[in-house]
Structures are given as C-alpha cells and as structure tokens.
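A structural walkthrough
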Amino acid sequence: MFAGRVWCGYTCPQSVFTWVFMWAEKITEGDRNQRMKLDKAPMSGNKFMRKFAKHAIWLAVSLATGITFVGYFTPIRELVPDLLTFQVGGWALFWVGFFTLATYGNAGYLREQVCIYMCPYARFQSVMFDKDTLIVSYDPRRGERRGPRKKDADYKAMGLGDCIDCTMCVQVCPTGIDIRDGLQIECIGCAACIDACDAIMDKMNYPRGLISYTTEHNLSGQKTHLLRPRLIGYAVALVAMMGVFTYAVTDRSLVKLDVLKDRVLFRENEQGMIENVYTLKVMNKAQNEQTFVIEATGLDGLQYSGRNEVRAAAGELMTIPVELSIAPEKLPSSTNDVVFHIRSADDPSIEDDAESRFIGPSIR
C-alpha cells in the first residue's frame, strides 16, 4: 500500500535468484547483445565452453540452495558429509534434488513467467494500490517526444524530450516490459530501469529522474498524501495481527499433552478394579531437556498406574501407555470425566492439561 512492490523487487527469492542467474549469464556470455549473437552463432568450442560455464554456475547455485533448504529439517553438519560420501538417505536426497531442479528451472528458464502468471502478489497489489502508492514510472511530460540525438545537440529546438530512445530500460528489465508504456502489472519494482536510465542521463548531461520512484498523483502534478485512511486502516490491522501472533507465541505452553483412549472400553483387573487404558503423547517444546511429572484427577479413589515421571529431550515426542483404575462402587452415576495434568519438575510454569473420560459398567 505504501511502498508498492518493494517486496518483489528486492526481497522475493525468485527475484534474487533471477539476478544471480543473470549475473552468471553476463560473466560467461557477455551482455544482452553479445548473448543474442552467441545464440545465433553455430556451435563452436568457444560457444560450448561459455554455455557450459553458465550452466555449471547455475547448477552450483541451485545445489547450494537445495542443500540449504533441506538443512533446515535435516542437520546440515551431517547432511553435507553424507552427500559427499553418497550415504545420504532417500528422502533427503529427493528433496535436495527437488529444490535444486526447482531453483534451476525457476531462475534459469521461467523467471518472469513466475512473476507474471504464477505469483499472486501482482493481483492483490492491484487491490491495495492507490494513486499515492510508490511506483517505478517514466515521466512522459519530460521524456516525450523520444528520439536519438547528438550529445551537444539542441534537442529542445528539435522538439525532442529527454528520452533518447536508447531502450536500455527495456534491455535491463527482468520481466521484459517497456516502462515508458505506463503502469503495468508485470512491473516488479526492482528499479533496474531507474539505474540504467540515470546512467544514460549522466552521459548526456541531463538531470536524473526521467524514470524514478514516484506516485500517480506526483506524475499528474498533484500532491502525494503519505497518510490516508486506507493506509492507516491497513496499519491498524497489521499491528493487531502482529499483537495476536506475539501473544500466541509468548503465551504458548512449552509442553503439549494429548490423550488417546484405548479401543477396549474397560476391563476388570485381578484386584476387581475397573481399569481403563490410555496412551499419552507428550511433546517437549522447550529448547532444553525437561523432566515431566504426570498425574490424573477427577474421580475419588482414582489410581494411576504407569510412568508418572519421564525425561524428554528438547523437541522430543514421547508415547506413554498408562492405566487408570477405580473400585466399582466408587464409580459415579453421572459424568466420568478425568483430567491428566503434566508439569515440568525443572520449571513449574511449564504445564498442560488434557481431558478424557473414564468408562465403566452400569451399576444397577
């Protein structure tokens, strides 16, 4: 709403990898005109080596990206040696290969097609956009009429504007548009055309800013409003969502307890007690090892059998079978709710509860 497609131009991984791959093209095959000549030329040793070097860099960057992505889920200090010694697991190898090919295809071949046809950002940007939103735009009042001229020519007397029609803004555009045609959905706001145009203006001794970050209001000679109701409304909504998210993160319990009731409703043990079997799933969300104490309440005379103290590593999920039993005469006639409670012996503030039911025979 405020800065336009600044995410697309500067932060989006697709844009970043596209620029990296374009850099690899430039250092191996030359600038745009040289690449076009190379593509039209017959295959030769020079052409083969240049193409090979380009694709080698592409694949190296893609492989590094794939390893990095998988390294978030598989310990990367083990993943890299396993890859080098061909001892990596099947799933890790699959995902490394998947992200490598995805990066190679997206940044090497699809490029702007991802931005134009696959990414939803341009679509909802057009919903949030208004005439005070920052955009990359060409100033037609200053640039028209376009045309070539000598550096020291009196182009004003020739009826020309500042645009010398060099098309550098088109050549550097990663989505292949002509910014001089006005605002377009394909523009990702990367400002490559601004840099190219400013360089030409410097050579011609013209003022910079023929293509610039501006607003539609500014282009039409009106005042740009930084604060407007729509922007304030979005800001309030964003702050509220950030507040809710922060509360949810800070208030969350560092232990999670889930209870699964056994399919056998109840049974009578050797002591004549009515017994129910449960499976407890304990997840330690803390960043360090914890000792947890488990107990069950809710019915008078309820007895707990099984592990009531467990040691869980950071991030570990444990499965614990337990039994609850009670004398038949102590079974209530109405509700049979029970509550399992877990707390950390190391930090009492880390605790959680989980409800279940105790099922027994009908007493007549």
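In this report, the structure presented in the accompanying data block is examined.

Cut-offs applied
Residues numbered from 1 in each chain as written. Predicted model: local features only at pLDDT ≥ 70, side-chain atom pairs only at ≥ 80, totals over all residues. Heavy atoms only, no water. Patch = residues over 30% accessible without salt bridge, like charges linked within 9 Å, V, L, I, M, F, W, Y side chains within 5 Å. Areas by Shrake-Rupley, 256 points an atom, 1.4 Å probe, with all protein chains shown as cover. Salt bridge = Lys/Arg side-chain N within 4 Å of Asp/Glu carboxyl O. Helix = DSSP H or I, 4+ residues; strand = E, 2+ residues; numbered from the N terminus. Buried < 20%, exposed > 50% of the residue type's maximum accessible area, 1.4 Å probe, protein only. Contact = heavy atoms within 4.5 Å. 1 Å grid on protein atoms, 1.4 Å probe; cavity = no way out; pocket = protein on both sides within 12 Å on 5 of 7 lines; lining within 4 Å. Points joined across faces, edges and corners; volume = space filled by probe spheres on them. Nonpolar A, V, L, I, M, F, W, Y, C, P; charged D, E, K, R; others polar. Disulfide = S-S within 2.5 Å.

This paragraph deals with a nonpolar patch on the surface. Where nonpolar side chains cluster on the molecular surface, the patch consists of Phe2, Val6, Trp7, Tyr10, Leu134, Tyr213, Leu226, Leu227, Ile232 and Val236 and spans about 980 Å² of accessible area. Looking at the nonpolar patch, the elements that each hand over two or more residues are helix H1 (6-10) and helix H13 (229-251). The leading source of residues in the nonpolar patch is H1, at 3 residues. Secondary-structure assignment places Val236 in helix H13. A relative accessible area of 55% places Val236 in the exposed class.

For the structure shown, the criterion picks out 18 salt bridges. The residue Asp178 makes a salt bridge to Arg180 at a minimum N-O spacing of 3.0 Å. Across the pair, Arg180 and Asp178 agree in class, each one buried. Between Arg208 and Asp202 there is a salt bridge, and its shortest N-O distance comes to 2.6 Å. Each of Glu29, Asp39, Lys51 and Lys54 takes part in salt bridges that share partners, so that together they form one network.

A few words now on the environment of Gly315. Note that Gly315 resides in the loop between strand S8 (309-312) and strand S9 (317-326). Look at Gly315 and you get exposed, because its relative accessible area is 54%. Measuring from C-alpha to C-alpha, the distance between Gly315 and Gln287 comes to 7.0 Å, with 28 residues separating the pair along the chain. With residues near it in sequence (within four places) discarded, Gly315 still touches Asn284 and Ala286.

It is worth spelling out the layout of surface pockets at this point. In this model, the largest pocket occupies a volume close to 800 Å³. Taken together, 24 residues form the lining of the largest pocket, with Met22, Glu25, Arg32, Arg35 and Gln171 sitting closest to its centre. Looking at the lining of the largest pocket, the elements that each hand over two or more residues are helix H2 (13-29), helix H3 (32-40), helix H4 (45-70) and helix H10 (168-171). Top element by residues in the lining of the largest pocket is H2. It accounts for 7 residues. Considering the residues around the second largest pocket, the lining is formed by 18 residues, among which Arg5, Gln125, Ile135, Leu183 and Cys187 are closest to the centre. Breaking the lining of the second largest pocket down by element, the ones donating at least two residues are helix H8 (121-128) and strand S1 (135-138). With 3 residues, H8 is the largest single contributor of residues to the lining of the second largest pocket. Split into classes, the residues belonging to the lining of the second largest pocket amount to 12 nonpolar, 5 polar and 1 charged.

Moving on, we come to the state of the cysteines. Per the stated rule, a full pass over the model turns up 0 disulfides. You can see Cys119 has no disulfide; the closest cysteine sulfur is in Cys8, sitting 5.6 Å from it. Note on Cys119: relative accessible area 24%, which makes it partly exposed. Free of any disulfide, Cys169 has its nearest cysteine sulfur in Cys166, 6.3 Å distant. The buried category is assigned to Cys169, whose relative accessible area is 9%.

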